[in-house]
Amino acid sequence: MISSYLKIALRSMMKHRTFSFINVFGLAISLSACLLILSIIVVQYHYDDFHQDAERIYRLTSIHHKKGEPPRTFATTPAALAEYVQSHYHDIEQTVLLKKGLSGDFTAHDKTIPASGLYASEDFLQTFTFPLLSGNPKTALKAPFSLVITEEVAHKFFGQQDPLGQIVSLKDVGEFTITGLMANPPQQTHIKFEVLASHSTLAALERQGKSAANTDSWQALYDHYLYIKLREGADIQQLVNSFPQVSAEHYQDSDPVRADLSYQPLTDITPAGSVNNQLAPTMPAMMIYFLAGLVLVVMLSACFNYTNLSVARALSRAKEVGVRKVVGAKRSQLFMQFVSEAIIIALLALLAAMLLLQVLEPAFYSILDEEGRSVISFASGYSIYLYFGIFALLVGLLAGVFPALLLSRFNPVQVLKNLSGMKVMKGMNWRKALITTQFALSFIFLLSSLIIYQQFQYSINKDLGFESENILQVDLQGTSYEQYRQLVNQHKDVQGISATSYVLGSGFVHADYFKKAADDSLLINYVSASPSFVENMELKVIAGSNFSEQLNAEHEEFVVLNEYAVNALGYTSPTEAVGELLTIGNQEVRIRGVVKDFHYLPVMERIESFALRYRPQEFAHMQIKLSSTNIQATLTELEELWQQLDEVHPFEAKFFDEQLEEALAGLDILMKVIGYVAFLSICIACLGFLGISIYTAEIKMKEISIRKVLGAELYQLSFHFMKSFLLLLFIAILIGIPAAYFLNSLWLNNLAYRTTIGVGSLLLGALSLLVLGLFIVGSQALKLAFINPVSTLRNE
């Protein structure tokens, strides 16, 4: 029976080669995009599932409540919580504390190599499955200044030599003894590191006066990540039920931040929900839903295409259906026949799609920024092909079910006479409804990509309130700002030099509470900046003055605020604020000046309270204003000056306007993805449109020939053929314009500074769709108009 279905399906495909090619090619290009996204989704849902006993491991999180702000969930918890839960809950087998901040230049055997990692408590290697190649997992992270390194780092330092017992020093921290060699961690984990230092090192550094460990503080909410492993058979809910009591014991309503506790299963950490301060970049759950939505739209578009062409060919297969029913074929057999054809076409399309996937993966990867590449990876191995096969079968079933039901439901007379008259609404049959829906979806994606591009251009060209042209941003990477400034300052093409802790507009800032009075505090974002920063970036001082060059590097004395912060602190004017005292932590600072509001965050985010502080120990980026006509030569000379100071780190510099564009990378990627899907769905819709117009041309050939014999003009014949198709395009446009406007308004309204959806974008999208439709249908109309009536009618 199955072999009979296959034979008939293959014969039908060979007989109708054009329709078969359109179906296979349309499904292939849509499947390739779906497989690409499916590959990404599969990887995300397999993060951290390689750990032994992963189902018993949880990360505790905290929900922060601040006055006047909505609750926010953070991945961090107080370090003191680790000892508390370990001593109060006997169902916890192991606890692991992690802390970021282990990074810098490690030196061993006269080699200096930059590396980054985590401080980890001693149970880390027993809780998580990161196997050691050498060393004892029970003791490797126990003693202070113990270090576990990965194979990659070991190879850079020691080649093939055994690293155990070797001494590695980290600038400003101390000397570490290597106690473990670890295999390079898998990529599919949210715990990213190159080196691991024992968590007990932090207490040792605190005793030396080098840092604050904060291991016994319940107010240090942003430093530590706490993981627990339950005993076998234990129920996490018993621990969860006690969380309100824990919060009540350690937090008061009067505290600046009150934290409630929550938890995440290890394998649910990514895709991530709305959790702040993650250990490493993770893909948001909303992005997964968005990608899954794209898969659904592209898949439905391809299925519509197949269904359209199959229904269009229904009359040409009516005799086959009628004859088979007359000789005893059951409806179920006919149904299976037509479904099997759809599945065969889907499997053939899968083979072509997997070839296209080899091209799409590197192309998609290339549009991501560095952070995106660290989050997105593509599934590999034999298991992914099983997912691909199942997906192709589902597409085949979905595409083939409706035509199979339609063709198998009628008796022979009904099939031959009434199929083309089946209505979905007055004046429109199924085929027309599917074409209209397909083009409406394509049009919505086309308009969305144009609107996103419009917002991207608006964000790039908006006045930021500071100078961004000809500003070179240099990543200092631990190199002394003062030493490099002295070298660069001698260059003839350098007009100005300044330094900051973060790049303006990148989305990264510090934040601290500024107190005007003992009981009145305001959380203000800030960056540390050199005295020359205001002048170099051409910020406008509207009251007071800028920092002076004679500031005390050891003791912070002054701060410069923006207008928003002055108003938020309750001053009636910028002039009134100048000279006033504020308390930050345990120190007092005086407001030196007020600058006009500018976009210190990405341009789409609202301007809020902001401060410039002088904390030279935090300087990490240098701004160099250039006046050179030969930029490349100047960059080469600046790199040579860099190498005089730092032979370890490469010279990393980008122009400010390029970095501001990178801050909009999410919008740029969204624009490219939506644009690609729009292109894909339009291509699929056009293929279907071509197939339908070819089929319609075939069945209207004799009608057109008769009209031509009776004297119809060329334009009349063309219009007669095209009018129904053009009507469908107009209906799709009428549906697509309000739908696209509504959907794009939803996300645009969440932006503080946004473009307006202009008539020009809507008209451009509509015109593009009409031109494509006219080209496709017009080619068939002209073909019909120029046929010789004699050759068509001679057999009548």
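Residues numbered from 1 in each chain as written. Predicted model: local features only at pLDDT ≥ 70, side-chain atom pairs only at ≥ 80, totals over all residues. Heavy atoms only, no water.

### Examining the sheet that holds strand β24 (residues 621–626)
Working step 1: Taking strand neighbours across the sheet as the criterion, the four strands line up as β16-β24-β15-β25 in an open arrangement whose pairing is antiparallel. Edge positions in the open sheet fall to β16 (494–500) and β25 (653–655), since each of these has one partner strand only. Here the average twist between neighbouring strands, direction ignored, is 25°.
Working step 2: Here strand β15 (residues 471–475) runs beside β24; their pairing, made up of five bridges, is antiparallel. Its bridge partner lying in β24, Val474 is registered against Met622.
Working step 3: The strands that helix α20 (residues 631–645) touches are β15, β24 and β25; relative to β15, the one it contacts most, it runs at about 30°. (Pairing = 2+ DSSP bridges. Helix = DSSP H or I, 4+ residues; strand = E, 2+ residues; numbered from the N terminus. Axes fitted to C-alpha atoms, helices over the stretch in contact; angles between N-to-C directions. Contact = heavy atoms within 4.5 Å.)

### Things to note about a negative patch on the surface
Working step 1: A surface patch of negative charge is lined by Glu469, Asp657, Glu658 and Glu661.
Working step 2: Looking at the element boundaries, Glu658 is found in helix α21 (residues 656–663). (Patch = residues over 30% accessible without salt bridge, like charges linked within 9 Å, V, L, I, M, F, W, Y side chains within 5 Å. Areas by Shrake-Rupley, 256 points an atom, 1.4 Å probe, with all protein chains shown as cover. Salt bridge = Lys/Arg side-chain N within 4 Å of Asp/Glu carboxyl O. Lys, Arg positive; Asp, Glu negative; His and termini not counted. Charge placed at Lys NZ, Arg CZ, Asp CG, Glu CD.)

### Remarks on the environment of Ile735
Working step 1: Topologically, Ile735 is positioned in helix α24 (residues 714–748).
Working step 2: We classify Ile735 as partly exposed; its relative accessible area is 42%.
Working step 3: Expressed as a C-alpha distance, the spacing of Ile735 and Ile444, which sit 291 residues apart in the sequence, is 8.8 Å.
Working step 4: Dropping the residues within four chain positions of it, Ile735 is found in contact with Thr436 and Ala440. (Buried < 20%, exposed > 50% of the residue type's maximum accessible area, 1.4 Å probe, protein only.)

### With respect to unusual backbone geometry
Working step 1: Residue Pro271 is bonded to the preceding Thr270 through a cis peptide linkage, with omega at 0°.
Working step 2: When you line up the elements, Pro271 lands in the loop between β11 (258–265) and β12 (275–276).
Working step 3: A positive phi is found at Asp48, a non-glycine position, where the angle reads about 65°.
Working step 4: For Asp48, the position within the fold is in the loop between α2 (17–44) and β1 (57–65).
Working step 5: Among the residues examined, Asp48 registers a relative accessible area of 0% and is labelled buried.
Working step 6: If you check the backbone angles, Asp53 has positive phi at about 60° while not being a glycine.
Working step 7: Its location among the elements puts Asp53 in the loop between α2 and β1.

### Structural notes on the confidence of the model for the chain
Working step 1: Averaged over all residues, the pLDDT of the chain is 81; the fraction at 70 or higher stands at 86%.
Working step 2: Below pLDDT 50 for its whole length, residues 419–428 participates in 21 contacts with residues either more than four positions away or in separate chains. (pLDDT = per-residue confidence, 0-100.)

### What about the environment of Leu291?
Working step 1: Along the chain, the position of Leu291 falls in helix α9 (residues 285–312).
Working step 2: Sequence separation of Leu291 and Leu38 is 253 residues, and the distance between their C-alpha atoms is 8.4 Å.
Working step 3: When sequence neighbours within four positions are dropped, the list of residues in contact with Leu291 reads Ile37, Ile40, Ile41 and Met283.

### Quick notes on the side chain of Ser530
Working step 1: Looking at the element boundaries, Ser530 is found in the loop between β18 (520–528) and α17 (533–536).
Working step 2: In contact with Ser530, other than residues within four places in its own chain, are Tyr481, Ser498, Ala499, Tyr614 and Phe619.

### Observations regarding the pairing of strand β8 (residues 174–182)
Working step 1: Pairing of strand β5 (residues 132–134) with β8, which is carried by two bridges, proceeds in the antiparallel orientation. In the sheet register, Ser134 faces β8, and the bridge partner there is Leu181.
Working step 2: Alignment of strand β7 (residues 167–170) against β8, held across four bridges, turns out to be antiparallel. Across the sheet, the residue bridging to Val168 is Phe176, located in β8.

### Some remarks on the nonpolar core
Working step 1: By size, the foremost hydrophobic cluster in this structure holds 133 residues, and its most contacted members are Phe391, Phe466, Tyr484, Leu504, Leu612, Ile624 and Leu638.
Working step 2: Once you skip the residues sitting within four places of it in the chain, Leu612 turns out to touch Val527, Ala529, Phe533, Val534, Leu539, Phe547, Val559 and Val560. (Core = buried A, V, L, I, M, F, W, Y, C linked by side-chain atoms within 4.5 Å.)

### Concerning the packing of aromatic side chains
Working step 1: Tallied over the entire structure, the rule returns 20 aromatic pairs.
Working step 2: On the basis of an interplanar angle of 70° and a centroid distance of 6.0 Å, the ring pair of Phe50 and Phe130 is categorised as edge-to-face. Pair noted here: Phe50 is in the loop between α2 and β1 and Phe130 is in the loop between α4 (124–127) and β5, with a separation of 80 residues, a long-range link.
Working step 3: Classification of Phe50 by relative accessible area gives partly exposed; the value is 27%.
Working step 4: Ring centres of Phe124 and Phe128 lie 5.1 Å apart, and the angle between their planes is 50°; this geometry places the pair in the tilted category. Accessibility assignment for this pair places Phe124 and Phe128 in one class, buried. (Phe/Tyr/Trp six-rings, centres within 6.5 Å; stacked < 30°, edge-to-face > 60°.)

### Considering the environment of Val275
Working step 1: Mapped onto the elements of the fold, Val275 is located in strand β12.
Working step 2: Separated by 201 residues in sequence, Val275 and Phe74 have C-alpha atoms that sit 5.2 Å apart.
Working step 3: With residues near it in sequence (within four places) discarded, Val275 still touches Arg59, Thr73, Phe74, Ala75 and Gln264.

### Some remarks on the pattern of salt bridges
Working step 1: Within this structure, the stated rule accounts for twelve salt bridges.
Working step 2: When the shortest N-O distance is used, the salt bridge between Arg56 and Asp53 registers 3.1 Å.
Working step 3: On the basis of relative accessibility, which here comes to 12%, the residue Arg56 falls in the buried class.
Working step 4: Judged by relative accessible area, which is 23%, Asp53 ranks as partly exposed.
Working step 5: By sharing partners, the salt bridges in this structure join Asp512, Glu556, Arg613, Arg615 and Glu618 into a single network.

### Observations concerning α21
Working step 1: Buried within α21 are the following residues: Phe656, Gln659 and Leu660. When α21 is viewed along its axis, its buried side chains cluster within an angular range of 105° and face the same direction.
Working step 2: Contacts made by the buried residues of α21 are with β15 and β25. (Arc of directions from axis to C-beta.)

### Focus on the pairing of strand β9 (residues 195–198)
Each regular strand shows side chains that alternate between the opposite faces of the sheet.
Working step 1: By the alternation rule, side chains of β9 split into Val195 and Ala197 and Leu196 and Ser198, which are all buried.
Working step 2: Examined bridge by bridge, strand β4 (residues 111–120) and β9 share four bridges and lie parallel to one another. Bridging across to β9, Gly117 finds its partner in Val195.
Working step 3: Pairing of strand β6 (residues 146–150) with β9 involves three bridges; the strand directions are antiparallel. Its bridge partner lying in β9, Leu147 is registered against Ala197.

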